[in-house]
Amino acid sequence: MRVYKIAAIPADGIGPEVIAAGLEVVETLAACDGGFRIETEHFPWSSAYYLEHGHYIPEGGLDRLKTFDAIFFGAVGSQQVPDHVSLWGLRLPIAQGFDQYANVRPARVLPGVKSPLIGGEGIDWVIVRENSEGEYAGNGGRAHRGLPIEVGTETAVFTRVGVERIHRFAFDLARKRPAKHLTLVTKSNAQRFGMVMWDEIFYEVAADYPDVKTDRELVDAVTTRMVLKPRTLDVIVATNLHADILSDLAAALSGSLGIGPTANLNPERQFPSMFEPIHGSAFDITGKGIANPVATFWTAAMMLEHLGEDAAAKHLMAAVEAVTAAKVHTPDLGGNATTADVTKAVCDYLRARKAFEPRV
Ligand code: IPM
Ligand code: MG
């Protein structure tokens, strides 16, 4: 029996609702498969915890997390804590502390889901986001606060190591997909140092991947291409901030922000990787039981794949797609199903089609 230790950090807003749903489907899957089991430990780190204790992650917290096979993360962000405090208090210390430099965000229109875009059913993208530096390096400062001469700086940091490894990761990923097509996105017309270096390193790395087709686009122009010619894109590699913005657009174009999954990977596996839905806390629907759990299910499938449970991951996605096709949709997709309805439908499917393909 293969056993995986999962650290669950549901955190804020709808995080606890979707993580509970996600764990329920993974448990169901494990029970059907019989070949693996998960051992989950819940960590109460959240904005409520911060307001009570003065910190998100307690002393030694990251060392504890390090012993897990994967981290299953809900959402962080609260109306009681400034966003930059919650982000830098919880999510970034894990992602950066565990060198999860590859943030992978697939976007696809699932069966039964309507893209707001004409021709949107052609969307099948993976956005590869640099996740350890760039505009999120935390490099800046403020001086003369409150005075007319106040100054604030926010300097993006791009390192050769950081840029090269994300490009290699993106090429490796693109190579495994049928289209084998990678689009480089930067803003190297206006930003002539770090961005030009990004472009240069991309083409250096490209020489090692002659089988992958490449092209390049400026970040502003790629938004129009995503909307007007969705089928011309496959894998996109971009900086931390650019890919952050593009991935929200991608999720919305594929039907709802409630669908998009994320893997924050440490590809070398020196540290656990972290898996989270893209959507965030969503205060407007917190506690109503109507959060779309599909993003978290898809995220769980990415986690299983990372753990080597490919058959289980495929089975889970087949279940999710059967349920979206059957129009068991939460309100963000125009339906009136609850989180529990969708979760039950997925679990029922998993149980009904118990058999797994043999594990390869
Ligand atoms: C994301 C989110 C975060 C980010 C926010 C919550 C800071 O938008 O995961 O895309 O920008 O990284
Ligand atoms: Mg974002």
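None of the values given here were measured: they were computed from a predicted structure. (Residues numbered from 1 in each chain as written. Chains lettered and ligands numbered in written order. Predicted model: local features only at pLDDT ≥ 70, side-chain atom pairs only at ≥ 80, totals over all residues. Heavy atoms only, no water.)

## Examining the nonpolar core
For clarity, the cut-off: Working definition of a nonpolar core: buried Ala, Val, Leu, Ile, Met, Phe, Trp, Tyr and Cys residues. They are joined through side-chain atoms within 4.5 Å. A simple rule labels every residue: compare its accessible area, found with a 1.4 Å probe on the protein chains alone, to the largest value its type can have, and call it buried under 20%, exposed over 50%, or partly exposed in between. Residue ranges assigned to each domain were obtained from an automatic or database domain assignment.
Counting 86 residues, the largest nonpolar core has Val128, Leu182, Val237, Leu316 and Val346 as its most contacted members. Looking at which domains feed residues into this core, each of domain 1 (1–104 + 260–360) and domain 2 (115–138 + 155–254) supplies at least three.

## Details of the packing of helix H1 (residues 15–33) against helix H9 (residues 294–306)
Axis angle and axis distance: for two packed helices, these are the angle between their axes and the distance between the axes, and together they describe the pair. Going by this rule: Axis lines are fitted through C-alpha atoms, for helices just across the contact stretch, and the angle between N-to-C directions can take any value from 0 to 180 degrees. What counts as a helix is a DSSP run of H or I of at least four residues, what counts as a strand is a run of E of at least two, and both are numbered from the N terminus. The cut-offs work like this: below 35 degrees is roughly parallel, past 145 is roughly antiparallel, 65 to 115 is roughly perpendicular, and the gaps in between are oblique. In this scheme the handedness of a crossing depends on how the near helix is turned from the far one: anticlockwise by less than a right angle means left-handed, clockwise means right-handed. For this analysis, residues touch if any pair of their heavy atoms sits within 4.5 Å. When residues are grouped by polarity, Ala, Val, Leu, Ile, Met, Phe, Trp, Tyr, Cys and Pro land in nonpolar, Asp, Glu, Lys and Arg in charged, and all others, Gly among them, in polar.
Where H1 contacts H9, the axes come no closer than 9 Å and their chain directions differ by 50°. It follows from the interaxial angle that H1 and H9 lie oblique. Seen along the crossing, H1 lies across H9 with a hand that is right-handed. Here H1 contributes Val18, Ile19, Ala21, Gly22, Val25, Val26 and Leu29 to the contact with H9, which in turn contributes Thr296, Phe297, Ala300 and Leu304. Class assignment for the residues of the contact of H1 with H9 results in 9 nonpolar, 2 polar and no charged.

## Quick word on the site of ligand 1
To be explicit about the condition: The cutoff for a nearby residue is simple: one of its non-hydrogen atoms must lie within 4 Å of the molecule or strand. Residues adjacent in sequence count toward polar contacts only when both atoms are side-chain atoms; beyond that, a polar contact is any pair of N or O atoms within 3.5 Å, and within protein one must be able to donate a hydrogen and the other to accept it. Here the accessible surface of atoms and residues is derived via Shrake-Rupley with a 1.4 Å probe, and residues count as covered only by protein chains that are part of the display.
Ligand 1 sits among Leu87, Arg91, Arg105, Arg129, Tyr136 and Asp244. Between Arg91 and ligand 1, the recorded distance is 3.4 Å, taken from a side-chain N or O atom to an oxygen atom. Separating an oxygen atom of ligand 1 from a side-chain N or O atom of Arg129 is a distance of 2.9 Å. In isolation ligand 1 has 320 Å² of accessible area, and contact with the protein removes 72% of it.

## Here we look at the sheet that holds strand E11 (residues 261–265)
What counts is decided by this rule: DSSP-based pairing: two strands are paired if at least 2 bridges between them are found.
One open sheet holds the 10 strands; their spatial order is E2-E1-E3-E12-E11-E4-E5-E10-E8-E9, and the pairing between them is mixed. Two strands in the sheet have a free side with no partner beyond their single neighbour: strand E2 (36–42) and strand E9 (213–218). Direction aside, the axes of adjacent strands within the sheet are offset by 25° on average. Direction of pairing for strand E4 (residues 102–108) relative to strand E5 (residues 124–130): antiparallel, over a ladder of 7 bridges. Residue pairing across strands places Asn103 opposite Arg129, the latter belonging to E5. Strand contacts of helix H6 (residues 194–206): E5, strand E8 (181–186), E9 and strand E10 (235–238), with the helix running at about 160° to E8, the strand carrying the most contacts.

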